[in-house]
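A closer look at the structure
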Amino acid sequence: MRIALISDIHGNEVALRAVLASIQEAGVDQVICLGDVATLGPRPRAILDMLRELGCPCILGNHDEFMLDPGLIRTYTEAPIVVDAVDWCRDQLSEDDLDFLRTFQARLTIPLDDQSTLLLFHGSPRSHMEDLLSNTPPEELDRRLDGHAATVMAGGHTHLQMLRQHRGTLLVNPGSVGLPFKEYANGGPPTLLRHAEYAMVEARGGAVNVSLRRVPVDRDALRAAVSACDNPMRGALLQQYA
């Protein structure tokens, strides 16, 4: 069993196409999306069309729920640029798009082989707004994992690639397809890295392995996609892609 994990696409069609091309070249049995697919970036509807065509399981991220519950974003951040960009992205979506988002699951457990399981979520098993970081203290990590157990646990949300062993479980964050962060943002403005990110989970011969992947992205195409929209994040993204 070989599974590609993608997360935090955030309306970035250029980056998603680059990642899916890399995944196709590597060869996988399944792709799974860990959420936050259609906000902040320039092409929210295109991402939903691509995910529908891909037919992969999708986990509900906090930004996905912001599309379904307009008031929820203000419990997460008061930053005007983020709130306005989320509202803009929601306005781009059709009712069919929203119905598709309603099919996303809070958590999913799948078998990797006869002895190994993979638990999937967005932030943590108990909340899609909760961070799991490389420096989260073990006792606090126990609380955030909320009694769940699996061979591998995978979530996104922080936009930071991570692979950590915790009490025998491998914790993985595939990073962000569309907005990979250089450092933990903690609510502040991030610095974006110049690539797209995903992860691979492989079970073979009784062994489970996880690898973090980085994919080059065409920055001219990124700038063109952002320039063509009137998303409130337009100026900030163009600065990052300069």
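Attention in this report is confined to the structure presented alongside it. (Residues numbered from 1 in each chain as written. Predicted model: local features only at pLDDT ≥ 70, side-chain atom pairs only at ≥ 80, totals over all residues. Heavy atoms only, no water.)

**Brief notes about the overall build of the chain**
Across its full length, the chain holds nine helices and nine strands. Relative to the globule expectation of 18 Å for 242 residues, the C-alpha radius of gyration of the chain, 17 Å, shows essentially globular dimensions. By principal-axis analysis of the C-alpha atoms, the chain measures approximately 50 × 40 × 35 Å. With 242 residues in all, the chain has 54% of them scored as buried. Carbon and sulfur atoms make up 47% of the accessible area of the chain, which totals about 10700 Å². In the chain, 22 positive and 32 negative side-chain charges are present, and the distance between their average locations comes to 5 Å. (Helix = DSSP H or I, 4+ residues; strand = E, 2+ residues; numbered from the N terminus. Rg over C-alpha atoms; globule rule 2.2 N^0.38 Å. Buried < 20%, exposed > 50% of the residue type's maximum accessible area, 1.4 Å probe, protein only. Areas by Shrake-Rupley, 256 points an atom, 1.4 Å probe, with all protein chains shown as cover. Lys, Arg positive; Asp, Glu negative; His and termini not counted. Charge placed at Lys NZ, Arg CZ, Asp CG, Glu CD.)

**Overview of the sheet that holds strand S4 (residues 117-120)**
Taken in spatial order, the five strands line up as S3-S4-S5-S7-S6 in an open sheet, and their pairing is mixed. The strands lining the two open edges of the sheet, one partner per strand, are strand S3 (108-111) and strand S6 (162-166). If you compare each strand with its neighbour and ignore which way they point, the axes differ by 20° on average. Seen against the sheet, helix H7 (residues 138-145) touches strand S5 (152-154), S6 and strand S7 (169-173) and runs at an angle of roughly 100° to S6. (Pairing = 2+ DSSP bridges. Axes fitted to C-alpha atoms, helices over the stretch in contact; angles between N-to-C directions. Contact = heavy atoms within 4.5 Å.)

**Some thoughts on the packing of aromatic side chains**
Two numbers describe a pair of aromatic rings. These are the distance of the centres and the angle of the planes. Counted by the stated rule, this structure contains two aromatic pairs. Geometrically, the ring pair formed by Phe66 and Tyr76 is tilted, given 5.6 Å between the ring centres and 50° between the ring planes. Within this pair, whereas Phe66 is found in helix H3 (residues 62-68), its partner Tyr76 is found in helix H4 (residues 73-76), the two being separated by 10 residues in sequence. The interplanar angle of 85° and the centroid separation of 5.3 Å between the aromatic rings of Phe100 and Phe104 together place this pair among those described as edge-to-face. (Phe/Tyr/Trp six-rings, centres within 6.5 Å; stacked < 30°, edge-to-face > 60°.)

**Observations regarding helix H5 (residues 80-92)**
For H5, spanning 13 residues, the distance from its first C-alpha to its last is 18 Å, which sits close to the expected 18 Å at 1.5 Å a residue. Next to the buried residues of H5 lie helix H2 (44-54), H3 and H4. (Expected span 1.5 Å × (residues − 1).)

**Topic: the side chain of Glu197**
Along the polypeptide, Glu197 turns up in strand S8 (residues 195-204). Look at Glu197 and you get buried, because its relative accessible area is 1%. Among the polar contacts made by the side chain of Glu197, one reaches the main-chain amide nitrogen of Ser176 at a distance of 3.1 Å. At 2.9 Å, the side chain of Glu197 and the side chain of His195 are in polar contact. In this structure Glu197 touches Val19, His159, Gln161, Pro174, Gly175, Ser176, Val177, Pro180, Arg213 and Arg214, once residues within four positions along its chain are discounted. (Polar contact = N/O pair within 3.5 Å; in protein donor to acceptor, adjacent residues only side chain to side chain.)

**Observations regarding the packing of helix H1 (residues 13-26) against H2**
Their axes nearest at 10 Å, the elements H1 and H2 cross at an angle of 25°. The angle between the axes of H1 and H2 places the two elements in the roughly parallel class. For the pair H1 and H2, the sense of crossing is left-handed. For the pair H1 and H2, contact is made by Glu13, Leu16, Arg17 and Leu20 and by Ala46, Ile47, Met50 and Leu54, respectively. A breakdown of the residues in the contact of H1 with H2 according to their chemical character gives six nonpolar, no polar and two charged. (Parallel < 35°, antiparallel > 145°, perpendicular 65-115°, else oblique. Left-handed = near helix turned anticlockwise from the far one by under 90°. Nonpolar A, V, L, I, M, F, W, Y, C, P; charged D, E, K, R; others polar.)

**Observations concerning the environment of Val82**
Among the secondary structure elements, Val82 is positioned in helix H5. The spatial distance from the C-alpha of Val82 to the C-alpha of Leu40 is 7.1 Å, given a sequence separation of 42 residues. For Val82, the residues in contact, after removing those within four places along its chain, are Leu40, His63, Ile73 and Thr77.

**Focus: the nonpolar core**
Of all hydrophobic cores here, the largest spans 52 residues; its most connected members are Ile6, Ile9, Val37 and Leu51. At six residues, H1 tops the list of elements feeding residues into this core. Those residues in contact with Ile6 that sit more than four places away from it in its chain are Leu16, Val19, Ile23, Val31, Ile32, Cys33, Leu34, Leu51, Val177 and Tyr198. Formed by 18 residues, the second largest nonpolar core is a distinct cluster that contains Ile59, Leu112, Val201 and Val210. (Core = buried A, V, L, I, M, F, W, Y, C linked by side-chain atoms within 4.5 Å.)

**Digging into helix H8 (residues 219-227)**
If you check which residues of H8 are buried, you get Arg219, Leu222 and Val226. Looking down the long axis of H8, one finds its buried residues gathered within 50° of arc, a one-sided arrangement. Tucked into the core, H8 has its buried residues touching H1 and helix H9 (234-240). In this structure Asp218 caps H8, since a side-chain oxygen of it lies 2.9 Å from the backbone nitrogen of Asp220. (Arc of directions from axis to C-beta.)

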